[in-house]
Amino acid sequence: MMSNDGKVQPGAARFGNFINYYEFNSPQRRLEVFPDDLVSLLELDDGDGEAHVVCLDVGCNSGDMTLTLQDRLQRDGLTADFLAVDLDESQIGRASCRERV
């Protein structure tokens, strides 16, 4: 991608995404800022004893953080469905290869 002065910026991507983003900012490291009792803080129990949440990940990149957060929530006993979107078709392609059914 070109900067305003016409120079090519290494690693820059059209939409702000770049392919190896998670190599230096891992989802596991990013989840460390979430509280250990995240699920209880959300107060999602509607009385039937089953908590369910739908999450929207805007700018999901290749989906690493989305899947890591989904794993964390499920491990903590929360059913979580995600809708993840990104402007960059190549990143959506990378995420789709890892899609869970």
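Computed from a prediction, not measured in an experiment: that's the story for all the values here.

A.B. asks: When you look at the pairing of strand β2 (residues 79-85) in this model, what are you seeing that I'm missing?
C.D. replies: The two faces of the sheet receive side chains in turn, since in a regular strand these alternate between them. Here strand β1 (residues 52-58) runs beside β2; their pairing, made up of seven bridges, is parallel. Within the sheet, the bridge partner assigned to Val58 lies in β2 and is Val85. Once the chain exits β1 it traverses helix α4 (residues 64-75) before rejoining the sheet at β2, and the crossover so formed is right-handed.

A.B. asks: Help me out: how do you make sense of the pattern of salt bridges in this one?
C.D. replies: Oppositely charged side chains can pair when the atoms bearing their charge come close. Taken as a whole and assessed by the stated rule, the structure comprises one salt bridge. Between Asp76 and Arg72 there is a salt bridge, and its shortest N-O distance comes to 2.9 Å.

A.B. asks: Whenever I open this one, unusual backbone geometry confuses me. Can you help?
C.D. replies: Most of the time, phi is negative for any residue but glycine, and the peptide bond is trans. With phi around 55°, Asn61 is a residue other than glycine that occupies positive phi space. Relative to the assigned elements, Asn61 resides in the loop between β1 and α4. The class for Asn61 is buried, based on a relative accessible area of 5%.

A.B. asks: Explain α4 here, please?
C.D. replies: In an α-helix, one turn spans 3.6 residues, which is why side chains three or four residues apart end up on the same side. For α4, spanning twelve residues, the distance from its first C-alpha to its last is 17 Å, which sits close to the expected 16 Å at 1.5 Å a residue. The buried fraction of α4 amounts to nine of the twelve residues, a majority that puts the element mostly inside the structure. By the burial criterion, the buried members of α4 are Asp64, Met65, Thr66, Leu67, Thr68, Leu69, Gln70, Arg72 and Leu73. Phi turns positive one or two residues past the end of α4, at Gly77, with a value near 90°.

Reading guide: rules and limits
- Residues numbered from 1 in each chain as written.
- Predicted model: local features only at pLDDT ≥ 70, side-chain atom pairs only at ≥ 80, totals over all residues.
- Heavy atoms only, no water.
- Pairing = 2+ DSSP bridges.
- Helix = DSSP H or I, 4+ residues; strand = E, 2+ residues; numbered from the N terminus.
- Right-handed = clockwise from strand over helix to strand, strands pointing away.
- Salt bridge = Lys/Arg side-chain N within 4 Å of Asp/Glu carboxyl O.
- Buried < 20%, exposed > 50% of the residue type's maximum accessible area, 1.4 Å probe, protein only.
- Expected span 1.5 Å × (residues − 1).

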